[in-house]
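Remarks on the overall topology
So the chains spell out like this:
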Amino acid sequence: MRAGVQQGTQYLDLGCGAGLTAEKASTNGADVWGLGAFEALLDLARSRRPDVNFHLDELEDLPIGPNQFDVVSGFNAVQYAASLIKALLEAARVTTPDGMVYVATWGEPNGTQATNIIAALRPLLPPPPPPPSAPGPFALSNTDVLQPCAKDCGADTTDIIDVEYSWFHPNIQTALKGLSSSGIAAKAITTVGQTAVDEAHVNAIYPHKRADGSFRKGARFKVLLARPSRHLSGAYDISSSKRLSHKYTRQSDLFGGSISVRQTTHQLRRCHQRQC
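About the thresholds
- Residues numbered from 1 in each chain as written.
- Predicted model: local features only at pLDDT ≥ 70, side-chain atom pairs only at ≥ 80, totals over all residues.
- Heavy atoms only, no water.
- Disulfide = S-S within 2.5 Å.
- Pairing = 2+ DSSP bridges.
- Helix = DSSP H or I, 4+ residues; strand = E, 2+ residues; numbered from the N terminus.
- Axes fitted to C-alpha atoms, helices over the stretch in contact; angles between N-to-C directions.
- Contact = heavy atoms within 4.5 Å.
- Left-handed = near helix turned anticlockwise from the far one by under 90°.
- Nonpolar A, V, L, I, M, F, W, Y, C, P; charged D, E, K, R; others polar.

Some thoughts on the state of the cysteines
All chains considered together, the criterion is met by 0 disulfides. You can see Cys153 has no disulfide; the closest cysteine sulfur is in Cys149, sitting 4.7 Å from it.

So this is what it looks like as structure tokens:
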């Protein structure tokens, strides 16, 4: 494994969901913490691995001291935080100076077959709907946003990898079970119920149906590998983020909004004022 998760590694999985990654890390001998936002998924994670510390917490305010973990990962999680800036700041803060931060996010939507499935749940999320400027699933999908954003949050990029992936479901029942296991689906289910979520998923996945009744859909992910460059303890110099507003344009988001460098700078300023 490129992350080097092995016996004795202190590992934190942000947005751990049902605990699959945490389970693999624990099997390799790591001391694992998993943080998630949905108790039902955490219960499933605990049933998989009772020896792992699974906690219900928000990514923007980790109940953890600084410099605690050798490896911190957020697989398809950070971009869904209420403040992705705070989530990235916190990820860098709790990582040891020689540790690594891994952030996996969706690749750009025009390269992702599963885009329609991702967008299908937007109308089912709790009110009020996200504002036009709200970050969403593709908030960090552009390398020209992801890398400088990480740097301004205290993480120096060592590599960015594009990963092609394909989901396969042998039938509609298996597909619906898998699609309902994501954190966003769990949030939608608590709002409108399982039946409505299943209906949205059926409509979205139908174009991916094959002649034998199975389903295959392609996706592209972007994975950031970074080392903490500094650990923030309240005060934060936002001057370096100002240069971003002159370089990047707004990034489109399928959840009906967009994220911009201007918004990123604004979030950093608010974070500084509140000494987050």
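Focus on the sheet that holds strand β7 (residues 215-228)
Spatially, β3-β2-β1-β4-β5-β7-β6 is the arrangement adopted by the 7 strands of the open sheet, whose pairing is mixed. Each end of this open sheet is capped by a strand with a single partner; those strands are β3 (53-56) and β6 (155-169). Shown here is a sheet whose adjacent strand axes are inclined to one another by a mean of 15°, direction ignored. By the bridge criterion, 5 bridges tie strand β1 (residues 10-14) to strand β2 (residues 31-36) in an arrangement that is parallel. Bridge assignment links Leu12 to a residue of β2, and that residue is Trp33. Together, β2 and β3 form the strand contacts of helix α2 (residues 39-48), whose direction differs from that of β3 by roughly 175°. Contacts from helix α5 (residues 143-152) reach β6 and β7 within the one sheet, and its direction differs from that of β6 by about 135°.

Notes on the packing of helix α6 (residues 172-179) against helix α8 (residues 194-205)
Running from N to C, α6 and α8 point in directions that differ by 115°, and their axes come no closer than 10 Å. Classified by chirality, the crossing of α8 by α6 is right-handed. Residues Ile172, Ala175, Leu176 and Leu179 of α6 lie in contact with α8, whose contacting residues are Asp198, His201, Val202 and Ile205. Split into classes, the residues belonging to the contact of α6 with α8 amount to 6 nonpolar, 1 polar and 1 charged.

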